[in-house]
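Spelled out from the first residue to the last, the chains are:
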Amino acid sequence: MTGTPLEELREKVRELTDRARRPVAITGAGVSAESGVPTFRGEDGLWKRFRPEELATPEAFARDPALVWEWYGWRRERIAPARPNPAHRWLAWYERRKPEFLLITQNVDGLHRMAGSRRLVEIHGNLWVVRCTRCGFETEDRRAPLPGLPRCPRCQGLLRPGVVWFGEPIPAEAMARAVEAVQRCDLLLVIGTSAVVYPVAGLPDLAPQATLVEVNPAPTPLTPRAHVSVRAPAGEFFGPLLPEAPG
Ligand code: OAD
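How each quantity is defined
- Residues numbered from 1 in each chain as written.
- Predicted model: local features only at pLDDT ≥ 70, side-chain atom pairs only at ≥ 80, totals over all residues.
- Heavy atoms only, no water.
- Helix = DSSP H or I, 4+ residues; strand = E, 2+ residues; numbered from the N terminus.
- Rg over C-alpha atoms; globule rule 2.2 N^0.38 Å.
- Contact = heavy atoms within 4.5 Å.
- Areas by Shrake-Rupley, 256 points an atom, 1.4 Å probe, with all protein chains shown as cover.
- Lys, Arg positive; Asp, Glu negative; His and termini not counted.
- Charge placed at Lys NZ, Arg CZ, Asp CG, Glu CD.
- Buried < 20%, exposed > 50% of the residue type's maximum accessible area, 1.4 Å probe, protein only.
- Salt bridge = Lys/Arg side-chain N within 4 Å of Asp/Glu carboxyl O.
- Near = heavy atom within 4 Å.
- Nonpolar A, V, L, I, M, F, W, Y, C, P; charged D, E, K, R; others polar.
- Polar contact = N/O pair within 3.5 Å; in protein donor to acceptor, adjacent residues only side chain to side chain.
- Phe/Tyr/Trp six-rings, centres within 6.5 Å; stacked < 30°, edge-to-face > 60°.
- Expected span 1.5 Å × (residues − 1).

### Quick notes on the overall build of the protein chain
Step number 1: A tally of helices and strands in the protein chain yields nine helices and nine strands.
Step number 2: A compact globule built from 247 residues should have a C-alpha radius of gyration of about 18 Å, and the protein chain, at 18 Å, falls within 12% of that.
Step number 3: Overall, the protein chain is about 55 × 35 × 30 Å in size when its C-alpha atoms are taken along their principal axes.
Step number 4: When contacts within the protein chain are restricted to residue pairs at least 6 apart in sequence, those whose partners lie at least 24 apart make up 66%.
Step number 5: Just so you have it, the protein chain exposes about 11,700 Å², and 52% of that area is on carbon and sulfur atoms.
Step number 6: Averaging the positions of the 33 positive and the 29 negative side-chain charges in the protein chain gives two centres separated by 4 Å.

What follows is the structure, given as structure tokens:
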């Protein structure tokens, strides 16, 4: 459906999303690209400039926590001014219409929550959460950057970012909620993810029963299986589907 005009695809997506009873959306960094948040892969991707194994692993943090915190401080500063775009807003609006909808995001930027999404699984955690490496205490801390090496207010242990790193498992409860919803969904929207990082990349395999809609300006390993493939930026595509949008 690559050559189909955008307006026709919007009508198709409007129809599918209206009709769905148990819809699920999976989002990745691309949904926040139009909010100014850099993606990980691709031309301007973060992993072009930084090596994940030097920054986003438990080993890297054990070796040099200051370096890892510096990187997260920099990301906090980049992301702090970002605001939700029409794709985030459409997903929040859609949630209010569909009691069984679940949004699964790989993003740690918090923009879905800021847009109003509540039935949300932040499967890779949240950049604005800090967690104590000693006592497990967790809290939100929106300072950008955090001063030096942040310490736990309870036990003075070293705090770490509340995100999932490479080599770490997804928290069991988040994974179970995502798997359960995907297995019983009738519509799966996959928006702005390169669909290469597991286990999230494997979720669509659990939904052979669902109609698969992909929104991504570039093809992904999932594209050949999509029933509807929208090759457009997510904000641009979903903007006119918002109820307050003109026309
Ligand atoms: P990627 O950076 O791998 O992929 C971003 C995707 O968004 C690409 O397929 C782009 O084509 C697409 N894209 C770019 N601009 C877009 C737009 N305006 N609208 C829609 N799509 C757009 O990001 P993720 O798939 O989210 O993990 O990466 C998955 C995980 O890898 C991340 O959660 C992170 C990373 O390492 C952890 O940190 C654990």
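The discussion continues.
### Topic: the side chain of Thr220
Step number 1: Relative to the elements of secondary structure, Thr220 occurs in the loop between strand 8 (211-215) and strand 9 (228-230).
Step number 2: Note on Thr220: relative accessible area 11%, which makes it buried.
Step number 3: Discounting chain neighbours no more than four positions away, the residues touching Thr220 are Thr193, Ser194, Ala195 and Glu214.

### Describing the pattern of salt bridges
Step number 1: Tallying each qualifying case throughout the model produces 13 salt bridges.
Step number 2: The closest approach of N and O atoms between Glu54 and Arg51, which form a salt bridge, is 3.0 Å.
Step number 3: Here Arg184 makes a salt bridge to Glu100, at a shortest N to O gap of 3.0 Å. Highlighted residues: Arg184 in the loop between helix 8 (172-183) and strand 7 (187-191) and Glu100 in the loop between helix 6 (86-97) and strand 2 (102-105), separated in sequence by 84 residues.
Step number 4: Assessed through its relative accessible area of 41%, Glu100 is described here as partly exposed.
Step number 5: A cluster of three or more residues bridged by salt bridges with shared partners is formed by Arg51, Glu53 and Glu54.

### Topic: the site of the ligand
Step number 1: For the ligand, the set of nearby residues contains 22 residues, the closest of which are Phe40, Arg41, Thr193, Ser194 and Asn216.
Step number 2: Isolated, the ligand exposes 790 Å² of accessible area, and the fraction of that covered by the protein chains is 89%.
Step number 3: In terms of residue class, the shell around the ligand is built from eleven nonpolar, nine polar and two charged.

### Quick look at the side chain of Thr57
Step number 1: If you trace the backbone, Thr57 turns up in the loop between helix 3 (52-55) and helix 4 (58-63).
Step number 2: Of the residues examined, Thr57 reaches a relative accessible area of 7% and is grouped as buried.
Step number 3: Within the local environment of Thr57, its side chain forms a polar contact with the backbone nitrogen of Ala60, the two atoms lying 2.9 Å apart.
Step number 4: Once you skip the residues sitting within four places of it in the chain, Thr57 turns out to touch Pro52, Trp165 and Phe166.

### Thoughts on the packing of aromatic side chains
Step number 1: Tallying each qualifying case throughout the model produces 14 aromatic pairs.
Step number 2: Taking the centre distance of 6.1 Å and the plane angle of 70° together, the rings of Trp71 and Tyr72 count as edge-to-face.
Step number 3: Considering the side-chain rings of Phe237 and Phe238, the 5.2 Å spacing of their centres and the 80° angle between planes classify their relative orientation as edge-to-face. Both residues of the pair, Phe237 and Phe238, belong to the buried class.

### Focus on helix 6
Because the α-helix completes a turn every 3.6 residues, residues three or four places apart line up on one side.
Step number 1: The terminal C-alpha atoms of helix 6, which comprises twelve residues, lie 17 Å apart, in line with the 16 Å expected from a rise of 1.5 Å per residue.
Step number 2: Of the residues making up helix 6, those classed as buried are Ala87, His88, Trp90, Leu91, Ala92, Tyr94 and Glu95.
Step number 3: Along its buried surface, helix 6 packs onto helix 1 (6-19), strand 1 (23-27), strand 2, helix 7 (111-115), strand 7 and helix 9 (234-238).
Step number 4: Between the side-chain oxygen at the start of helix 6 and the backbone nitrogen of Ala87 there is a gap of 2.7 Å, and the oxygen is on Asn85.

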